[in-house]
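Topology and contacts: notes
Listed below, chain by chain, are the residues.
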Number of protein chains: 2
Amino acid sequence: MTSKPEGDKKAGRARAGRLKETMKPETRVTMHQIAREAGVSLGTVSHVINGTATVREPLRERVLKAVKMLGYEPNELSRGLRLNRTSIIGMIIPDITNPFFPGVVRGVEDVAYKHQFRLVLCNTDNDPAKEATYLSQLKSFLPAGILIIPSQDSTVTTIASGPPIVCIDRRPDNWKGDMVSVANREGAYKATQHLIEMGHRKIGVIAGPSHLTSAVDRLRGLRQALDHAKLSIAPEYVQEARFDRMSGYTAALRLLQLLPRPTVIFAMSDPTAMGTLLAIRELQLRCPQDVSVMSFDGLEQTELTEPALTAVYQPGYQLGYTAAGLLVERMEGLKAPAKEIVLETELRIRGSVANLNSRRHGTGR
Amino acid sequence: MTSKPEGDKKAGRARAGRLKETMKPETRVTMHQIAREAGVSLGTVSHVINGTATVREPLRERVLKAVKMLGYEPNELSRGLRLNRTSIIGMIIPDITNPFFPGVVRGVEDVAYKHQFRLVLCNTDNDPAKEATYLSQLKSFLPAGILIIPSQDSTVTTIASGPPIVCIDRRPDNWKGDMVSVANREGAYKATQHLIEMGHRKIGVIAGPSHLTSAVDRLRGLRQALDHAKLSIAPEYVQEARFDRMSGYTAALRLLQLLPRPTVIFAMSDPTAMGTLLAIRELQLRCPQDVSVMSFDGLEQTELTEPALTAVYQPGYQLGYTAAGLLVERMEGLKAPAKEIVLETELRIRGSVANLNSRRHGTGR
DNA sequence: CAAGTGAAATGAAAGCTTTTATATTTTCTG
DNA sequence: CAGAAAATATAAAAGCTTTCATTTCACTTG
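On a predicted model such as this, the values are computed, not experimentally measured, just so you know. (Residues numbered from 1 in each chain as written. Chains lettered and ligands numbered in written order. Predicted model: local features only at pLDDT ≥ 70, side-chain atom pairs only at ≥ 80, totals over all residues.)

1. A few points about the protein's contact with DNA strand C
Taken together, 30 residues sit near DNA strand C, with A:S41, A:G43, A:T44, B:M31 and B:S78 positioned nearest. Here the surface near DNA strand C gets five residues from one element, more than from any other, and that element is helix α3 (residues 42–50) of chain B. Counted by class, the surface near DNA strand C contains 10 nonpolar, 14 polar and six charged residues. (Near = placed C-beta within 6 Å. Helix = DSSP H or I, 4+ residues; strand = E, 2+ residues; numbered from the N terminus. Nonpolar A, V, L, I, M, F, W, Y, C, P; charged D, E, K, R; others polar.)

2. As for the sheet that holds strand β7 (residues 238–240) of chain A
Residues and elements named next belong to chain A. Strands sit in the order β7-β6-β8-β9-β10-β12 across an open sheet of six strands; the sheet is mixed. Strands at the two margins of the open sheet, each flanked by one partner only, are β7 and β12 (346–348). Between one strand axis and the next, the sheet turns through 15° on average, direction left out of account. Examined bridge by bridge, strand β10 (residues 310–313) and β12 share three bridges and lie antiparallel to one another. When the bridges of β12 are listed, Y313 appears paired with E346. (Pairing = 2+ DSSP bridges. Axes fitted to C-alpha atoms, helices over the stretch in contact; angles between N-to-C directions.)

3. Here's the deal with the relation of the copies chain A and chain B
Once chain A has been moved 0.1 Å along the axis and rotated by 180°, it coincides with chain B to within an RMSD of 0.2 Å. Those values place the two copies in the arrangement expected of a two-fold rotation axis. With an isologous cut-off of 70% or more, the 97% of interface residues of chain A that recur at the interface of chain B puts this contact in the isologous class. (Least-squares fit on C-alpha atoms with pLDDT ≥ 70 in both. Contact = placed C-beta atoms within 7 Å.)

4. Quick look at the sheet that holds strand β7 (residues 238–240) of chain B
Residues and elements named next belong to chain B. Spatially, β7-β6-β8-β9-β10-β12 is the arrangement adopted by the six strands of the open sheet, whose pairing is mixed. Two strands close off the open sheet at either side, each with one partner strand: β7 and β12 (346–348). If you compare each strand with its neighbour and ignore which way they point, the axes differ by 15° on average.

Function-wise, these values are silent; they only describe arrangement.
Rendered as structure tokens:
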């Protein structure tokens, strides 16, 4: 209550001189200036700003007013230096240009924003060297956590001392930490089953890079489905390709030249499926009348191709969202043993797979 | 445990590893430790690392050896605190999920990586409040520079004291700083000219949000082309929509219900054009026989729609690459007056625009 | 009313680097 | 070879925040 007039000598001294100097426009406002302006100590300003201790109302208000008046914004560097960690989340992905990843990133970003974290994005192009560079440089910023879609042969390892790390989509060799992925094997299994039900027996496959666990799992799902149906697949009907369009295109050309020609091509990603479509057109074939196509990813854009692609849908946004959520838990101190979260996939039947059962002589050959 | 032939080697490596670990325990290595290890002063270590002064060979070597041995990595926070700027480039975009932006981001990232900068990515969803939040939080990290694709009503302004800022793609009100964009007006002009040449007179337009300069410029280009051809366009044939698919879809439905029905719809972005295609299908119309479509963006994915979309191509990657290049120049101290760089667009003719001149009344085929 | 108490405010240290002014060593000149 | 000049190395300060050990304050209680 005692609204003591500022006979307080310190406050008086503080206020006496500096009024004009605070007008300096070139430099950022610091807590010092706030303290001086409000006539309190540095510690008090910090406590007001962070709520780390109770500060009585009159002081609190003076500080807040000064903050507003001088337009103070905390310096995240000093803060990070002191706290030994910043509000940065590092995210390392192969290539934002691959249409599957923006959704993942967006999922992460939404969680990050909600929790007041900033996202630092790095594209590795699947190059382990670039990944390692990014990883160590990221750590120089003392990030609160790291999310990574590992490159092939990733060397990422979990270190007790460092920030928490969550792996997304692919499991690096020897990775024992947290991991969020989609049910690649099951997805491919269901899709293959569907193909078999539709009467397809000669199945061509454009597999993904064999060093990616996601690609390997998809292939395994396909093989299991074939096994269960007592079907087999000749080696030359499985072509490996990168997850991009050109690579899919050339792989598809190879497959389409085989005799007997496959009745369906299962491309293990949307870009490769799009490349397959291109190859089919180029050879003057029709999809799905001459060759069917099954894809994996199921992004929006494959709804408008001709024909719309039947695909295993994997929830990209959800993937990022979930992984970021787990990371946040870790950053908040969750001590549970490593988690492995697997998201479900969903078969989306559209128009690119022909039903060979209902047609006696459909294939134009 | 089954002992393998290589058992001994592995054990040896493991031991070595453990030894190393004991040498660098929980905390990061600091320059202090390097100095002690090498038997020199702190300043000398700094000079060796940054090359800020000549250090005689024997000392230099001792320092380098210590750095390597202890695995020292500079702390970017202390460094940034001291230097008053970090190696961060902040990038603010509307939404990474819009397929036009990944290319831009990638262009930026490639330049950033080359120059040893890190990229902090922020999605504003075109919300000026979110943009402002991001902007001020970004500045708390003392970034070396900022790239921004401004939201509608962006409040971004250039401040002498702050880091250099380059605007991309859209010009905010009152923006007097650097700017890199594409020739929206010219692109739309050429495209409209093409439509006119192909015999189209009833042109429906799905314009972009009227607060985006890029959208406004495109509309202006279209109007100019019509003017020059002494054609006019009724107001109801111009529908405004956001740059996303659903918005394009509903706008297209409105346009297709007009009488007389437009012979072509000029959608001012790929997503809206895709929505238009959807609407056309939904109404059981055919493209391009019944309605033609012209798009703006010309991303790869629109090559595989049915029909492939004729579009004004804008070089997204190049946009990001150029802007980042300019930003780097500024960060290196370039003092020239504000630059405005405009990249060329290119009309990519594919299959979605019918030639009305050569057909008397085309239906079948 | 003095002492005691818990709460509120303070001052200084710490965190890691760069830089400047100073100290020291080396090299060169006469 | 003395002494000056040049080259190198050093210690200390600065940059901004958080935190911890203290001090000060405002009351309560005996």
